[in-house]
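Here's the letter readout for the chains.
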Amino acid sequence: MEENTPTVSLVSCMHFVQRGVAKSVPEKIELTEKELEKIIKQTADDLRITEQGDDQSDEEGETETREPPANPNDEFNFDQYDEEDNTTANPIGIGTVATLPNLGDLSEDVQIRTEGPDSDEEDDIIKPTDNLLLVGHVESDASILEVHIFNKEEGSFYVHHDIILPWFPLCIEWLSHDPTDPQPGNLCALGGMDPVIQVWDLDIENCLEPAYKLGKKPNKKKKIKRIGHKDAVLDLSWNKNFTHVLASGSADNTVLLWDLDQGTPHTKINCFSDKVQSLCFHPLEAQTLLAGACDGRARVLDCRTPDTHRGWSLEPEIERVVWDKHNPFCFAMSNNVGKVAYVDCRQDLPLWTIDAHEKEVTGLILSEQVPGLLITASTDGTLKTWDVTSGGATQVSMRSNRCGQSLCVATCPDAPLSLALGGDNKQCHIELVDLTVNEQVLNRFGPRIPAAATEAMES
């Protein structure tokens, strides 16, 4: 075996972005010699501090406190946020970036351009008919956020640009709320093995740092208290009704509701006895959040009164939860032994439970465009479609996946029968699936597809 054989090679998370939200020509970062030198120096300092130990404390009742902020209304001193030393993480993965041996030899007016001279300008343009597919890709020690272009009509699929990440990505959520701009943006929140959430601007290429971060690690030496989670962030859900709210679920057994305008957690929910693996805000009720945890229970929470919730069991561990947009009282949940259940919140027990797969169901989708279409994907290497309109679940199709064990699945919002699967097969990390080629699926669900999607499919 070669020494350089990757020890890890997989796609851990993915998310489709609807058409028309991305800039047709993303901005490109061009760094001067001094800016690049500053970034490298700051990152080297962060790495040295990390290697020496952060002198962190998880004690919430620390006696040491920070100096009072200059602005009494700025409780967390965010006015000075950019001036503080950031020891939360290695922001650009400097170990994978080539450094310049002698920056002093460069003239001050030289700019470091990251786009190559042979780049295809046409591929750089994002068309109104393009969807973005955000992919968390791990290859050996390198973790990358890849921004793919997917065009159903043209049959195109390629990486438009990518971003180096400092840690293993576990979840992705798209959001349009930009605290610094009243206009909608094109942003991506990422959670991973680090407790600090990163938010990246997808309309900027060659960016070395996130637009902003949610959370901070504690540091006694710098008298910095913890803000946010204590452990890995396992899932994220953006509130499309209250766009300044983002929910995060963590391995520290809590859910935090973040105020994106303030950059701080507004509410902490700690009614869980194990890791919170899956979150989903209700599509219509802004205050209602669905959460699934490793304690085997899915809970519907009222964010206005966090202590108020109802729960349903699907032991031993909940993997995914998702609301049914076509029946707002209902949701589906899956677990780590292959079961899927469908719940009406007005009843104490699930309406039905099925043995959907032989192993954990890591992908669970109730189509927002096609009523009754349930899609499940599993680490047993199969993808299945189900019809759930008749008071139960009827299997319509099953296929084996080329991407190996399915770790994540996403549906395209503008092509409801087009899917992307992510897995751990080194020869095929991402598999695109067109369900319209399956006669059984098309006969069963074709008449339910919205007219706009049907026209796009035919074109």
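In the block above lies the structure referred to throughout.
Since this is a predicted model, take the numbers as computed values, not measurements. (Residues numbered from 1 in each chain as written. Predicted model: local features only at pLDDT ≥ 70, side-chain atom pairs only at ≥ 80, totals over all residues. Heavy atoms only, no water.)

A. Broad picture of the side chain of N401. Secondary-structure assignment places N401 in the loop between β28 (394–400) and β29 (408–412). N401 sits in the buried class, given a relative accessible area of 10%. Among residues more than four places away in sequence, those in contact with N401 are G381, T382, L383, S406, L421 and E431. (Helix = DSSP H or I, 4+ residues; strand = E, 2+ residues; numbered from the N terminus. Buried < 20%, exposed > 50% of the residue type's maximum accessible area, 1.4 Å probe, protein only. Contact = heavy atoms within 4.5 Å.)

B. How the structure looks around the sheet that holds strand β15 (residues 255–259). Spatial strand order, β13-β14-β15-β16: four strands in an open sheet with antiparallel pairing. Each edge of the open sheet carries a strand with a single partner, namely β13 (233–238) and β16 (264–269). Averaged over all pairs of adjacent strands, the angle between strand axes in this sheet comes to 25°, irrespective of strand direction. Judged from the five bridges that link them, strand β14 (residues 245–250) and β15 form a sheet pairing that is antiparallel. Bridging from a neighbouring strand, S248 pairs with L256 of β15. (Pairing = 2+ DSSP bridges. Axes fitted to C-alpha atoms, helices over the stretch in contact; angles between N-to-C directions.)

C. Spotlight on the pattern of salt bridges. For the structure on display, the rule yields 17 salt bridges. Taking the shortest distance from any N to any O, the salt bridge between D434 and K152 comes out at 2.8 Å. Highlighted residues: D434 in strand β31 (residues 428–434) and K152 in the loop between β6 (142–151) and β7 (156–165), separated in sequence by 282 residues. Note on D434: relative accessible area 26%, which makes it partly exposed. Look at the salt bridges and you will find they share partners, linking D387, R444 and R448 into a network. (Salt bridge = Lys/Arg side-chain N within 4 Å of Asp/Glu carboxyl O.)

D. Structural detail: the environment of G391. Summarising the element assignment, G391 is placed in the loop between β27 (382–387) and β28. Sequence separation between G391 and L351 is 40 residues; the distance between their C-alpha atoms is 7.7 Å.

E. Region of interest: the packing of aromatic side chains. A complete count under the given rule lists six aromatic pairs for this structure. Between W312 and F331, the aromatic rings sit 5.6 Å apart at their centres with planes inclined by 70°, giving edge-to-face as the arrangement. Of this pair, W312 sits in strand β20 (residues 309–313) while F331 sits in strand β22 (residues 330–335), and the two are 19 residues apart along the sequence. A relative accessible area of 0% means that F331 is categorised as buried. Judged by centre distance (5.7 Å) and plane angle (75°), the ring pair of W323 and F331 falls under edge-to-face. On the accessibility criterion, W323 (6% relative accessible area) is buried. (Phe/Tyr/Trp six-rings, centres within 6.5 Å; stacked < 30°, edge-to-face > 60°.)

F. Quick look at the pairing of strand β26 (residues 373–378). Across the six residues of β26, six count as buried, placing the element largely inside the fold. When strand β25 (residues 361–366) meets β26, the two strands line up antiparallel, connected through five bridges. Each bridged residue has a counterpart across the sheet, and for L364 the counterpart in β26 is T376. Hairpin connection of β25 to β26: six residues between the antiparallel strands, including G372 at a positive phi of 85°. Taking the residues that link successive antiparallel strands as the turn, the β26-β27 hairpin has three residues, and the phi of G381 there is positive, at about 85°.

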